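Structure at a glance
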Amino acid sequence: MPYIPNTDEDRREMLAVIGVKSLEELFATIPDELKLKDELNLPAPMVESELYAHMKSIAMENVSFSGNRNFAGAGVYLHYIPAVVKELVRRGEFYTSYTPYQAEVSQGLLQAIFEYQSYICALTGMDATNASSYDGSTALVDAVVMAKNITRNSRIILLPFVHPQAVEVLQTYNIGLHLKIENIDADENGDFSIDELEGQLRGGDVAAVVLQVPNFMGFYPEGIPKIINLAHNYSALVIMSVYPFVLGSIKSPGELGVDIAVGEGQPMGIPSGFGGPLLGFIATKESYLRYLPGRIIGRAKALNGRVGYVMTLQAREQHIRREKATSSICTNQALVAIQCAIYLGAVGKDGFHKISRLCEENAHYAYQKLTQMDGINPLFQKKALFNEFALEIQGTGNVDAIYNALLVRGWLPGVKLGKFYPKYQNGLLLAFTELHSKAIIDEFCDDFEEVLRN
Amino acid sequence: MPYIPNTDEDRREMLAVIGVKSLEELFATIPDELKLKDELNLPAPMVESELYAHMKSIAMENVSFSGNRNFAGAGVYLHYIPAVVKELVRRGEFYTSYTPYQAEVSQGLLQAIFEYQSYICALTGMDATNASSYDGSTALVDAVVMAKNITRNSRIILLPFVHPQAVEVLQTYNIGLHLKIENIDADENGDFSIDELEGQLRGGDVAAVVLQVPNFMGFYPEGIPKIINLAHNYSALVIMSVYPFVLGSIKSPGELGVDIAVGEGQPMGIPSGFGGPLLGFIATKESYLRYLPGRIIGRAKALNGRVGYVMTLQAREQHIRREKATSSICTNQALVAIQCAIYLGAVGKDGFHKISRLCEENAHYAYQKLTQMDGINPLFQKKALFNEFALEIQGTGNVDAIYNALLVRGWLPGVKLGKFYPKYQNGLLLAFTELHSKAIIDEFCDDFEEVLRN
Amino acid sequence: MKLIFEKSKKGAGRLNVADFSGSTLPSPFVPKDLRREEPIPLPEVSEVELVRHYLKLSQENYGVDSGFYPLGSCTMKYNPKINEEVASIREFTELHPLQPEFTTQGALRLMWELAQYLKEISGMDEVSLQPAAGAQGELTGMLVSQAYFREKGEERPIMLVPDSAHGTNPASASVSGFKVKEVKSDNRGLVTVQAIREVVESLGEDKIAGIMLTNPNTLGIFEKEISAVSKYLHGIGALLYYDGANLNPLLAYARPADMGFDIVHFNLHKTFSTPHGGGGPGAGPIGVTKSLAPFLPSPILRKGENGKFEFFSPEKSIGRMKFFYGNFLILVRAYAYIRTLGAAGLKRVAENAVLNANYIQERLKEAYVIPYYQRCMHEFVLSCKKYKVNYGITARDIAKKLLDNGVHAPTIYFPLIVEEAMMIEPTETESKERLDEFCELMLSFSKAIETDPEEFRKIRNLKSYGFDEVDAARNPVVKWSPEEDN
Amino acid sequence: MKLIFEKSKKGAGRLNVADFSGSTLPSPFVPKDLRREEPIPLPEVSEVELVRHYLKLSQENYGVDSGFYPLGSCTMKYNPKINEEVASIREFTELHPLQPEFTTQGALRLMWELAQYLKEISGMDEVSLQPAAGAQGELTGMLVSQAYFREKGEERPIMLVPDSAHGTNPASASVSGFKVKEVKSDNRGLVTVQAIREVVESLGEDKIAGIMLTNPNTLGIFEKEISAVSKYLHGIGALLYYDGANLNPLLAYARPADMGFDIVHFNLHKTFSTPHGGGGPGAGPIGVTKSLAPFLPSPILRKGENGKFEFFSPEKSIGRMKFFYGNFLILVRAYAYIRTLGAAGLKRVAENAVLNANYIQERLKEAYVIPYYQRCMHEFVLSCKKYKVNYGITARDIAKKLLDNGVHAPTIYFPLIVEEAMMIEPTETESKERLDEFCELMLSFSKAIETDPEEFRKIRNLKSYGFDEVDAARNPVVKWSPEEDN
Ligand SMILES: Cc1ncc(COP(=O)(O)O)c(C=O)c1O
Ligand SMILES: Cc1ncc(COP(=O)(O)O)c(C=O)c1O
């Protein structure tokens, strides 16, 4: 029997020690009427080679696009993952362990996560973070809950173009949170009025203003420092959701005065994996440390003075606080966090900034070329962009035809905006990474142009 | 610079310690006229993502056939390799180490190879083996050299259908060995006369009789026990080359009285890898232990009585004996040997025998079906087979047409015999493993029949 | 061991990932008021040093691959390597979640089929694969309950949770807006209709939204009265939530739906062998009965007319619990596991898990006190209280002593209803030899404690033991600071 | 640690590889006189125990990934992980060597291109990728020489080898049928025309087939007279063989062909970063000048008219050295390495390898004796003789002391011309920090030896040190026996 090491002989001996005659007898505490009469209706077992062939054939029912031919973003990005990252994270001692309850035999994992926390703090310019949230969307919820608990206020103001799925998640969680979630709307060109924001803030009871940088449409909301100031003037916190690589080019959220920075860590060395597992990060100021949800690794001294790492501040967590905990998270995304840390160590200071700048360069190069084509407009005019932007494909229905034509040519030409915003039915969101060299972009644009012409 | 950790700053400091001004100065001992004037003419360097894409595109210029659609054998077989084998052999501590000169920090490798040796001895029924030879063909050469040194005779008699490439290798090495290599020829039906063999043996000075089981055509030479007896009667040694899985069904070479057993270990958990790296094994009786070439791992005791493993009997080897060594092997196939050992541990006693028997069952099932088709004959009649057999495709040139037609249908339909034996121009050699279920064979045979009909 | 940040050297980290020779900072593309001037202080280490760093760290970590790991409630079973291999097939790992559905039919098929298997195993009618872990599954189930009662126009603010429950249960209930009321276990460690009725009647039947239970409970004991409990609670219009952390011993033996549960979560990283990954990622799909199906999170899958798989949003969906569709690459592993074992295999899993736990329980029951001793399922809980009372030796001391002997410790101090608790779950993937080794150790400890407690307590002085957790929490250092290097 | 055989338990090893329910033994398909009756006594261990076994074993092993590994002559450079990844692409690993050529064009292109690069790097005219390792490269080169002289009708039975040569050189020469004569190095550690001429003249010019040299030699010193040597030997009709083990410091700086070598082997597992794998597999391609090309082993590659790659057999080929075409998956790694570095990168490799070696040499030259002290190339050899003479402390003791400090020891007792030799090759993939750590250790040892040799000698008593190798060789146990278990 696969994965069961005991033999019939072992079982006989063990049953004898227990003093029962059969395995079934061990299940005597289950009332008879609850015992399943029939065999489960599941497919027949497979030997390993069959399983591999089966899985491979399922996998081949997908069409996958390697990073350089893939312009889909919208939260998940196919940056290059160095081989060294994959090799190290697959060490059995890491992936077959669990939550480091026993620090003495878990120093490897504990230190790796302590380092992950240090990376996230370095990137965000913040003082504290947790050992991971489920993903960028739940990290945003975590931040909102923190803001609520810190300010004891109950209104949340969302600036335009926070990731629509993150907003949905917030709304779902809000079934239990009972917050007032309000949106500031964008005008025709994607802008919003800061006066409107101030008006809303004036109403008081605001726990947090939430913005995303770059926003879902890929551009920088205007006047970020002003927004932050304004929120603080009205005693609201600022929650900023960021794309990790933008941090290579902008001042850190910490420096900007943001109270809680969150984001999706997947771009940092994690495969897109059809959207999971991902990695939520959430970082904050020292004074809010104890409001963070989830596990936190801290430094500790052993008897002999040796420095090590332990799970700390556990009094916040569900296993101690139970119904008074502000989050029920237990299993988190530890291995993904470690993978992210290994990735950041692998690309290092130099690599991170190169990638960051290449994302920008490549996106701007492509933006120039694409927006010059007949039949394509930028969806929003004159925006400061990072690595992603929204186009409008003129002509009703054209976007589908063009999208499919490019698919056939082996490109994944971004993400159609229609599924997120009915009003941007003709919109196409394209993301660029360090893998999209000028040569690749040229090839893509040539194909795009041809497809537009047909 | 990839893979070079020192910085310009480091280099400056180091140059100062050495007392030179520049890196070039370090090369002052190379006479100027020998210094390369131009840059090497090599392709421009690539970053890792480009390299991966490049390698993948080269790989995709190949057409690869997964094990179950692949009937090529002739020395290399695509048995299934369990995932656990691949994961364990990729542990960095194993593959980045070298020959265990320092036993104290190499116990992992040493024990793993000691276990490999134990496996090989168990399979062959022999007392001793080395830590690996380059491949099955050089293992055969090693055996021949051993026989020469043990018997001090100089004739080698080859029975029919020893792997033709192994024979070629023996012939090449023989440029330096100066042995008389003689062939016993096969008759029309692949048989040979035992009287002829005896006649040859009677000539005396025979170091070894060499046979392969099953032979290159996939069948058992007749009268093996008799052959062994006969050779021994004339003081010649018997060298038997074996396909590892046949050992699951036949008496071990040791039990049969063979003096030296050799073979290609690739079928045991090693990828086909376009023919390399492979794994040569060679095993012999205790009394011939010191005639074995290459590294041997032995048990040793440490001061405190702890049992461990060391390289032993090194006095045989090139680094001690230099020109008196009987082999110059240094780097061998250690990691492949470990992979083989992990594989054997993974399939275990039960799995090994199941695979062995499945090879037989599947091959015989296919043999029945194929030889009933119009247009196909067995190349040799009424042979006892293991997992491979030779067919004759009737009609000149038909074999090529049929081979290609099956290729197009996604099968690798064995190996054409013409490239090995001009006289078997119409021959096709097909091998079967545990991956060739009846269903697969039925599908293959249906295609085969269709192709024959067209 | 030095932190990676402390190994940094200016200019050393030049992994060959990207070739960019343009100017670096500030970036001209960034609005002026946001422009970064200085690079982020990330470490600079060479590839070889990076490798050595993590190789060493890994060697300082204990996993199932290192040895026995009887961490109760966590089902630390062997993680099959073939599952890792298939989960790294590029046509899975490289998929973008927003590709058109016709390019992801393989992934959708796999998820759809997995959902069918989970339905069959649990008896539930519909499944959502979205939750990222057990606790998020709970939360999802609680929000589904909220939506269900809201739809019915009922206001039921109270969720019952037994005193033996895992902390995530009350936390999930309260985060989803319920008030939590505790139900006491009886002296057999069981939840009874009696106990529930008492609580319910004191609060009002129509105030009760439901109960969260795990079965077998955290003592490893099957809740015999479960059918009566569900009948009673259904009778007052409440729901039953099944915490699937303990599903392993029931596989192919009994199904939560048949016990009357309305909602169940599965911990794929427990029951279905996906790796725990040092704390995650896991996956916590939930299953529900027909009447709750319309409330499941969005999207879920169906097989269309044309045989194609497609996502849709359930009619009255609570919405989305996270980005996209769940921890897909974890789902791949669980799928592979179920396909490897089939129905008969899963049954053997349950049997052997129960056998192993009972075997250890029998061997230790004399030396240690087992407060709720009876036939257990996949785990049991012993108490070290008598050693604490008599010799001042705690469950923690014994746990550390196990570590010192090369074995991972069981879960300690949980469930809360057992003092000095030690919760032992061997799982079915351990052999009798390993169990015997563990038992011998535990028995030798009990002897050692009674012979020479002073000596035994020395485990606290072992130099690598006893991190000062109190000080760590009082003066928390949760990241490396550049100043440390000076 | 227990052997895997000792962990065997009847019935435990049931890895899920094959489903066969037919009868087992004897097999009906086997001729009667060969039929096996009993299964082979292979171990039976469960998958989880197998994993734990090898995890533990790996942790008891030291590789480059563990730390500094200055094993002289072996070029223990970092093995890039991307090379492992590309070498595991299925369209490489699954190729069968006897597939039709049109289905393996990618593999053939890779091999053909790699051969071009090796030609460019060495200056040679043709390359065979077949040899499995350096020593087999040597052997191939020697057989090519034999064939060459045979073709010319010359009988030249003698191969010269300097006293500093690696053992494989004389062994390969003699296995290929040559008689080996040693040439003495001069007091600078160099081979001179003078020394060669003396040997040649004593044996007869027309008896000399050639010389095998490595350059820099095994002392790490560049053979300055090489041009004169090759001129002289070519003058008497002999060939020069270049042992490529020491090519690393010459990359892009100097080429064996330009020095007058006729044959060269490459150790891809040294110079070109493919893993040493605990002793192999490596790859030892050879390159030759035009006049020797027709004798190369069969088959080699060419690019056909149509741009397709194809194998062919050189006109006067010596035949085949092994099955198929060489250690292909190793070739893939070396190819990836060269494509990663390019010409400029290879030059930096040489420079940094030489820099690192000279740096250590300078730091240690006062504390240790360096018998042939001068500017070294990628490695150098020091002698511990003075410690042996004065305090009875050997190179072996110092090596073990290094191990005890977590660093791998250099090569010891080679080359033979240095007493108590310690051959140190740091490679270019080590940082100054690692070199400094090593130097500090070595310097502290030298101080410790002179202060308290008695104390230092205690390394011999360390319980995990000092396996009794003499006894191991006298009573060899080279495999596990079933009897041991009883
Ligand atoms: C009984 C019980 N319930 C719930 C959970 C929570 O599951 P997860 O950690 O997957 O969120 C656990 C996990 O430890 C558990 O043991
Ligand atoms: C100088 C020298 N020559 C030849 C060899 C033999 O090479 P290989 O081990 O690849 O057979 C070595 C290997 O250690 C060596 O150092």
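Scroll up to find the structure.
Below is a short write-up of the structure. Everything numeric here is computed off the predicted structure, so don't read it as measured data. (Residues numbered from 1 in each chain as written. Chains lettered and ligands numbered in written order. Predicted model: local features only at pLDDT ≥ 70, side-chain atom pairs only at ≥ 80, totals over all residues. Heavy atoms only, no water.)

Turning our attention to the pairing of strand β8 (residues 297-301) of chain A. All names here are of chain A. With four of five residues buried, β8 lies mostly within the body of the structure. Sheet analysis places β8 next to strand β9 (residues 307-311), joined by five bridges and oriented antiparallel. In the sheet register, Lys 301 faces β9, and the bridge partner there is Val 307. Connecting the antiparallel pair β8 and β9 is a turn made up of five residues, with Gly 305 showing a positive phi of about 90 degrees. (Buried < 20%, exposed > 50% of the residue type's maximum accessible area, 1.4 Å probe, protein only. Helix = DSSP H or I, 4+ residues; strand = E, 2+ residues; numbered from the N terminus. Pairing = 2+ DSSP bridges.)

Every contact between the two is made by 204 residues of chain D and, on the other side, 190 residues of chain B. Together, the buried faces of chain D and chain B total about 17,300 Å²; carbon and sulfur atoms form 65% of this surface. Interface area lost by chain D to chain B is led by Phe 29, Phe 323 and Phe 467 of chain D, which between them contribute 5%. At the junction of chain D with chain B, the criterion picks out six salt bridges. Of the residues that constitute the side of chain D that touches chain B, the class distribution is 108 nonpolar, 52 polar and 44 charged. (Contact = heavy atoms within 4.5 Å. Buried area = accessible area lost by both parts, 1.4 Å probe. Salt bridge = Lys/Arg side-chain N within 4 Å of Asp/Glu carboxyl O. Nonpolar A, V, L, I, M, F, W, Y, C, P; charged D, E, K, R; others polar.)

In this section: the site of ligand 1. In the vicinity of ligand 1 there are 15 residues, among which Thr 331 of chain A together with Ser 73, Ala 135, Asp 243 and Lys 270 of chain C approach most closely. Proximal residues around ligand 1 fall on chains A and C, making this an inter-chain site. A distance of 2.5 Å separates a nitrogen atom of ligand 1 from a polar atom in the side chain of Asp 243 of chain C. No other element matches helix α5 (residues 134-152) of chain C, which puts three residues into the shell around ligand 1. Counted by class, the shell around ligand 1 contains five nonpolar, seven polar and three charged residues. (Near = heavy atom within 4 Å. Polar contact = N/O pair within 3.5 Å; in protein donor to acceptor, adjacent residues only side chain to side chain.)

Attention now goes to the pattern of salt bridges. All names here are of chain A. By the definition in use, this model includes 116 salt bridges over all chains. Here Asp 8 and Arg 11 are joined by a salt bridge, their closest N and O atoms 2.9 Å apart. Of this pair, Asp 8 and Arg 11 both sit in helix α1 (residues 8-18), three residues apart, roughly one helical turn. Since its relative accessible area comes to 47%, Asp 8 is described here as partly exposed. Arg 11 sits in the buried class, given a relative accessible area of 7%. Across the pair Arg 69 and Glu 443 runs a salt bridge, and its minimum N-O distance is 3.4 Å.

Around ligand 2, the structure places 15 residues, and the nearest of them are Thr 331 of chain B together with Ser 73, Ala 135, Asp 243 and Lys 270 of chain D. Lying at an intersection of chains, ligand 2 is approached by residues of chains B and D. In the complex, 99% of the free accessible area of ligand 2, which totals 390 Å², lies under the protein chains. Top element by residues in the shell around ligand 2 is helix α5 (residues 134-152) of chain D. It accounts for three residues. Split into classes, the residues belonging to the shell around ligand 2 amount to five nonpolar, seven polar and three charged. (Areas by Shrake-Rupley, 256 points an atom, 1.4 Å probe, with all protein chains shown as cover.)

Turning our attention to the side chain of Thr 433 of chain B. Inspection of the secondary structure puts Thr 433 of chain B in the loop between β13 (427-431) and α15 (438-453). Apart from residues no more than four positions distant in its own chain, Thr 433 of chain B is found in contact with Leu 78, His 79, Cys 359 and Asn 362 of chain B.

Attention now goes to helix α1 (residues 47-59) of chain C. All names here are of chain C. Between the first and last C-alpha of α1 there are 18 Å, a value that for 13 residues agrees with the 18 Å anticipated at 1.5 Å per step. Here α1 lies mainly inside the structure; eleven of its 13 residues are buried. Buried within α1 are the following residues: Glu 47, Val 48, Glu 49, Leu 50, Val 51, Arg 52, His 53, Tyr 54, Leu 55, Leu 57 and Ser 58. (Expected span 1.5 Å × (residues − 1).)

Attention now goes to the sheet that holds strand β4 (residues 208-213) of chain C. All names here are of chain C. Judged by pairing direction, the sheet is mixed, and its seven strands sit side by side in the order β1-β7-β6-β5-β4-β2-β3 without closing on themselves. Of all strands in the sheet, those bounded by a partner on one side alone are β1 (126-128) and β3 (179-183). Neighbour-to-neighbour, the strand axes of this sheet turn through a mean angle of 25 degrees, independent of strand direction. The pairing of β4 with strand β5 (residues 239-242) spans four bridges and is classified as parallel. Paired with Gly 210 across the strands is Leu 239, a residue of β5. (Axes fitted to C-alpha atoms, helices over the stretch in contact; angles between N-to-C directions.)

Let us look at the packing of helix α2 (residues 48-59) of chain A against helix α10 (residues 328-364) of chain C. Across the interface, α2 of chain A lies against α10 of chain C with an axial gap of 11 Å and an inter-helix angle of 140 degrees. With respect to α10 of chain C, the element α2 of chain A is oriented oblique. Our pair here, α2 of chain A against α10 of chain C, has a crossing hand that is right-handed. In this structure, α2 of chain A uses Leu 51, His 54, Met 55 and Ile 58 of chain A to contact α10 of chain C, whose residues at the interface are Val 332, Tyr 335, Ala 336, Arg 339 and Thr 340 of chain C. Considering only residue class, the contact of α2 of chain A with α10 of chain C consists of six nonpolar, two polar and one charged. (Parallel < 35°, antiparallel > 145°, perpendicular 65-115°, else oblique. Left-handed = near helix turned anticlockwise from the far one by under 90°.)

It is worth spelling out the interface of chain A and chain D at this point. Taken together, the 18 residues of chain A in the interface contact 20 residues of chain D. With both sides pooled, the region where chain A packs onto chain D buries about 1,500 Å², and carbon together with sulfur makes up 52% of that total. Linking chain A with chain D are three salt bridges. Across the pair Lys 9 of chain D and Asp 10 of chain A runs a salt bridge, and its minimum N-O distance is 2.3 Å. Looking at the side of chain A that touches chain D, the elements that each hand over two or more residues are α2 and α3 (83-89) of chain A. Broken down by element, the residue count for the side of chain A that touches chain D peaks at four residues, all from α3 of chain A.

This part is about the sheet that holds strand β5 (residues 239-244) of chain D. Residue and element names in this part refer to chain D. The strand order across the open sheet built from seven strands is β1-β7-β6-β5-β4-β2-β3, with neighbouring strands paired in mixed fashion. Each edge of the open sheet carries a strand with a single partner, namely β1 (126-128) and β3 (179-183). Each adjacent strand pair in this sheet contributes to an overall mean axis angle of 25 degrees, direction not counted. In terms of strand pairing, strand β2 (residues 158-162) meets strand β4 (residues 208-213) through three bridges, oriented parallel. Note that in β4 the partner of Leu 160 across the bridge is Ile 211. The strands touched by α5 are β2, β4, β5, β6 (263-266) and β7 (286-288); relative to β5, the strand with the most contacts, the crossing angle is about 170 degrees.

Residue and element names in this part refer to chain D. Counting buried positions along β5 gives six out of six residues, so the element sits mostly inside the fold. Following the backbone out of β4, through helix α8 (residues 226-235) and into the adjacent parallel β5, one traces a crossover that is right-handed. Pairing geometry for β5 and β6, over four bridges, is parallel. Bridge pairing in β6 places Tyr 242 opposite Val 264. (Right-handed = clockwise from strand over helix to strand, strands pointing away.)

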